[in-house]
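Residues per chain are reported as follows:
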Amino acid sequence: MDIRVEKRKIKLVFLILFFGMILPVFLTHQNFKIYDSIDMALDMWDKECLLIGMLKLVTLNTLRSIPMYIAIFLLFDSIEIVIKGKKRTFEKILLILPIIPVAYSLIRLFYNIELPVGKTSVLGILWFCYYIKFDLKNVGYLEKYLVFLSFVIGLQWLDMSRFFNFLGVGEITADLNKAISFMEADLIVTIICISFFSFFTLFSILLLHFFKGQEERIARFSSEVENRYLKEVQLLVHDLKTPIFSVGILLETLALQEDNERKKLYLKKMEDSIEKTNIMIEEILSAKSESPIVVEDIMKFIFSFLSVHKNIEGITCKSYLREGYKIMSNRVLLSRVMINLIVNSWEANSSTINIILKNYKEYLIIQIEDYGDGIDIDNIKNLIKEGVSTKNSYGKGLAFVITTLKEINGKIYFAKKEKGGTKAYIILKGDGYEK
C-alpha cells in the first residue's frame, strides 16, 4: 500500500477542524435565542414562534457543521491511496469516517454539548460517498461546497422532524420536538421539514449534475484543443524532415569529397547531430507510443546528446541492472526528462552528477544526484505552478519533467542532501511487458 499526502492541504484540514472546534464558543443557542422562541411559542400558543425557533436551530447547526464537512472534503482530496498500482477510494472513505464522531466527542468533552452521530451525520456521509463518484476535478472548491452545503441545509431541516430519531438527536432538538408534540404541531412541522429537505436535496442534485456536465464540456474542449495542437505540431515536424534529410545528404556528399581529416571530423559531428535530430523527429511524430526500450541504450543516447557540453566528463553512471533490462516507455520523452534534470543540475552550479540505475521488484529506479545549490523542496510545487525556478528563471523544466512522467506512468521524488545538492528519484515500471 502506498499512501501519498499533500502536506499543505493536511495543515489546512487541521486548521479548519480547529476552527470548527472553537465555533461552539461563539455560536451558542443563547446567541440565537432559541429557547426564547420555544418559551414564547408555549406562552402564546403560537406555532409560528415554533417555526422561528426551528429556523434558528437549523441555522445554528448548519454553521457549526460546515467546517467539519469542508475538512472532510479537503482531507479526501489531500490523500491518495494506491494498492497494486490502482487508486483506492473505499480505503480513503474508511480513513475519513472517524472525523465527525471524534470531533463530536471532543465538543462533548470540552463544552458539554450533546452532538450525537445521528441521522444528519449518517446521511451526510452517505451523500458524500455518492458525491465523490462524480469525480469533479475541474470544478472549484467553492462550487463543490455550494453543492454539499445545499444538502447539509436540507439535512438540518430533516433533523427537526421525528424521522429516524432512534439514531439520536441533540439536546436542543429534543426539547424543540417536545414542544412541537405538546402543541400538537407534528403534522405541520413534518410537512415543512420534508418540503425543505426535498427542495434543498433536489437543488443540490441539480447543481451536482450541472457541474458534472460543465466539467465534461471542459474536458471535451480541452481534448479537442490538445488533439488539434498535437496534429499541428506533427504536421510542422513532418515538414522539417525534408530539409533535414537534404542537409544530411549534402553533408555526406561533402565528407566524401573532403580530404582534410580535421574538416572530415567536423562534418562527421554534424552528420551525427543531424541523425540525432532525425531520431527525435521520428519519435515526436509518435510521442504517445510506447515500445520496449533497453535502459542501457537510453543512457547511451543521453550521453551522446550531451557530449558537446563542457561538463559531460563530470557525469558518472553506475548500473545495478541485469544486462538487457528493458522498460515499456517512449524513448524521446524519457530521454528529455533525464536531460532536463541533468541540465537543471548544471544550472544549479553542479559540475559533478552521479546517476545510479537499479531495480526493486518490478520497478526501475533512476537516481540522479548533484552537488549544486539545491532546490527548495518544500516550495517545489509552487515553483512549478508559477513557472519560476530557484534561479529566478522560468521553471518549465521541472514542470515538463513531472507532466511527462505522469504521461508515461512514472513518478519523481526530490530530496535535499545534508551537504548541499539534490537527489531526484525517478520510478518507472520495468520489464512489465514481458509478464
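Residues numbered from 1 in each chain as written. Predicted model: local features only at pLDDT ≥ 70, side-chain atom pairs only at ≥ 80, totals over all residues. Heavy atoms only, no water.

A. Expanded view of the overall build of the chain. A count of helices and strands for the chain gives 15 helices and 10 strands. Burial statistics for the chain: of 435 residues in total, 41% are counted as buried. Considering only contacts within the chain whose residues lie at least 6 apart along the sequence, 75% involve residues at least 24 apart. (Helix = DSSP H or I, 4+ residues; strand = E, 2+ residues; numbered from the N terminus. Buried < 20%, exposed > 50% of the residue type's maximum accessible area, 1.4 Å probe, protein only. Contact = heavy atoms within 4.5 Å.)

B. Broad picture of the sheet that holds strand β7 (residues 353–360). Read from one edge of the open sheet, five strands run β5-β7-β8-β10-β9, paired in mixed fashion. Of all strands in the sheet, those with a lone pairing partner are β5 (315–319) and β9 (411–416), marking the two edges. Within the sheet, the average angular offset between the axes of one strand and its neighbour, ignoring direction, is 15°. Sheet topology note: the β9/strand β10 (residues 422–429) ladder contains six bridges and is antiparallel. For Phe-414, the partnering residue across the bridge sits in β10 and is Ala-424. Helix α13 (residues 331–347) rests against β5, β7, β8 (363–370), β9 and β10 of the sheet, and its axis sits at about 140° to β7. (Pairing = 2+ DSSP bridges. Axes fitted to C-alpha atoms, helices over the stretch in contact; angles between N-to-C directions.)

C. Just the side chain of Ser-161, in detail. For Ser-161, the position within the fold is in the loop between α8 (141–160) and α9 (171–182). In this structure the side chain of Ser-161 is engaged in a polar contact, spanning 2.7 Å, whose partner is the backbone oxygen of Leu-158. (Polar contact = N/O pair within 3.5 Å; in protein donor to acceptor, adjacent residues only side chain to side chain.)

D. Quick look at the nonpolar core. With 40 residues, the main nonpolar core has Ile-72, Leu-75, Phe-128, Tyr-131, Phe-148 and Leu-208 as its most contacted residues. Secondary-structure elements contributing two or more residues to this core are α1 (7–26), α4 (47–78), β2 (79–83), α5 (90–96), α6 (99–111), α7 (119–132), α8 and α10 (186–257). For this core, the leading source of residues is α4, giving eight residues. Leu-75 has contacts with Ile-10, Val-13, Ile-96 and Ile-99, leaving out every residue within four places of it along the chain. Counting residues in hydrophobic clusters, the runner-up holds 34 residues, among them Ile-298, Ile-302, Ile-312 and Leu-334. (Core = buried A, V, L, I, M, F, W, Y, C linked by side-chain atoms within 4.5 Å.)

E. Just α13, in detail. Compared with the 24 Å implied by 1.5 Å per residue over 17 residues, the 24 Å span of α13 between its first and last C-alpha is a close match. Counting buried positions over the 17 residues of α13 gives 13, a clear majority of the element. (Expected span 1.5 Å × (residues − 1).)

F. A nonpolar patch on the surface, seen in detail. A contiguous nonpolar patch, built from Val-102, Leu-106, Leu-109 and Phe-110 and spanning about 410 Å² of accessible area, is present on the exposed surface. One can find Leu-109 in helix α6. (Patch = residues over 30% accessible without salt bridge, like charges linked within 9 Å, V, L, I, M, F, W, Y side chains within 5 Å. Areas by Shrake-Rupley, 256 points an atom, 1.4 Å probe, with all protein chains shown as cover. Salt bridge = Lys/Arg side-chain N within 4 Å of Asp/Glu carboxyl O.)

G. Examining the sheet that holds strand β1 (residues 2–5) more closely. Taken in spatial order, the three strands of this open sheet run β1-β2-β3, and their pairing is antiparallel. Each end of this open sheet is capped by a strand with a single partner; those strands are β1 and β3 (86–88). Strand-to-strand, the axes of this sheet are offset by a mean angle of 35°, without reference to chain direction. Pairing of β2 with β3, which is carried by three bridges, proceeds in the antiparallel orientation. For Val-82, the partnering residue across the bridge sits in β3 and is Lys-87. Packing against the sheet, α4 makes contact with β1 and β2, and its axis sits at approximately 45° to β2.

H. How the structure looks around α4. For α4, with 32 residues, the first-to-last C-alpha span of 46 Å sits near the 46 Å given by 1.5 Å per residue. Roughly 30° is the biggest bend found in α4, and it falls at Ser-65, with proline Pro-67 one to four residues downstream. Between a side-chain oxygen at the N-terminus of α4 and the backbone nitrogen of Glu-48 the separation is 2.9 Å; the capping residue is Asp-46. (Bend = angle between axes of the 7 residues up to and from the residue.)

I. Local environment of the environment of Leu-254. Here Leu-254 is to be found in helix α10. Sequence-wise, Leu-254 and Lys-264 are 10 residues apart; in three dimensions their C-alpha atoms are separated by 8.6 Å.

J. Representation of the confidence of the model for the chain. Per-chain confidence: the chain averages 78 in pLDDT, with 81% of residues scoring 70 or above. Per-element averaging of pLDDT across the chain places helix α14 (residues 380–386) at the bottom with 54 and β5 at the top with 92. Overall, residues 386–395 carries pLDDT values under 50, and its contacts beyond four positions in sequence, including any with other chains, amount to 13 contacts. (pLDDT = per-residue confidence, 0-100.)

K. The arrangement of the packing of helix α3 (residues 34–44) against α4 in detail. The N-to-C vectors of α3 and α4 enclose an angle of 165°; their axes lie 8 Å apart at closest approach. Judged on the interaxial angle alone, α4 and α3 are roughly antiparallel. Here the hand of the crossing between α3 and α4 comes out left-handed. For the pair formed by α3 and α4, the contact residues are Ile-34, Ser-37, Met-40 and Ala-41 on the first element and Cys-49, Leu-50, Ile-52, Gly-53, Lys-56, Leu-57 and Leu-60 on the second. Residue composition of the contact of α3 with α4, by class: eight nonpolar, two polar and one charged. (Parallel < 35°, antiparallel > 145°, perpendicular 65-115°, else oblique. Left-handed = near helix turned anticlockwise from the far one by under 90°. Nonpolar A, V, L, I, M, F, W, Y, C, P; charged D, E, K, R; others polar.)

L. The arrangement of the packing of aromatic side chains in detail. All told, the structure shown has eight aromatic pairs when counted by the stated rule. Both rings, one in Trp-45 and one in Phe-182, keep their centres 5.6 Å apart while their planes meet at 75°; by these two values the pair is edge-to-face. Here the residue Trp-45 occupies a position in the loop between α3 and α4, and Phe-182 occupies one in helix α9, the gap between them amounting to 137 residues. Overall, the relative accessible area of 46% leaves Trp-45 in the partly exposed class. A residue is classified by how much of its surface remains accessible, and Phe-182, at 57% relative accessible area, is exposed. For the pair Phe-199 and Phe-203, a centre-to-centre distance of 6.5 Å together with 10° between the ring planes defines the contact as stacked. Taken together, the positions of Phe-199 and Phe-203, both in helix α10 and four residues apart, correspond to about one turn of that helix. (Phe/Tyr/Trp six-rings, centres within 6.5 Å; stacked < 30°, edge-to-face > 60°.)

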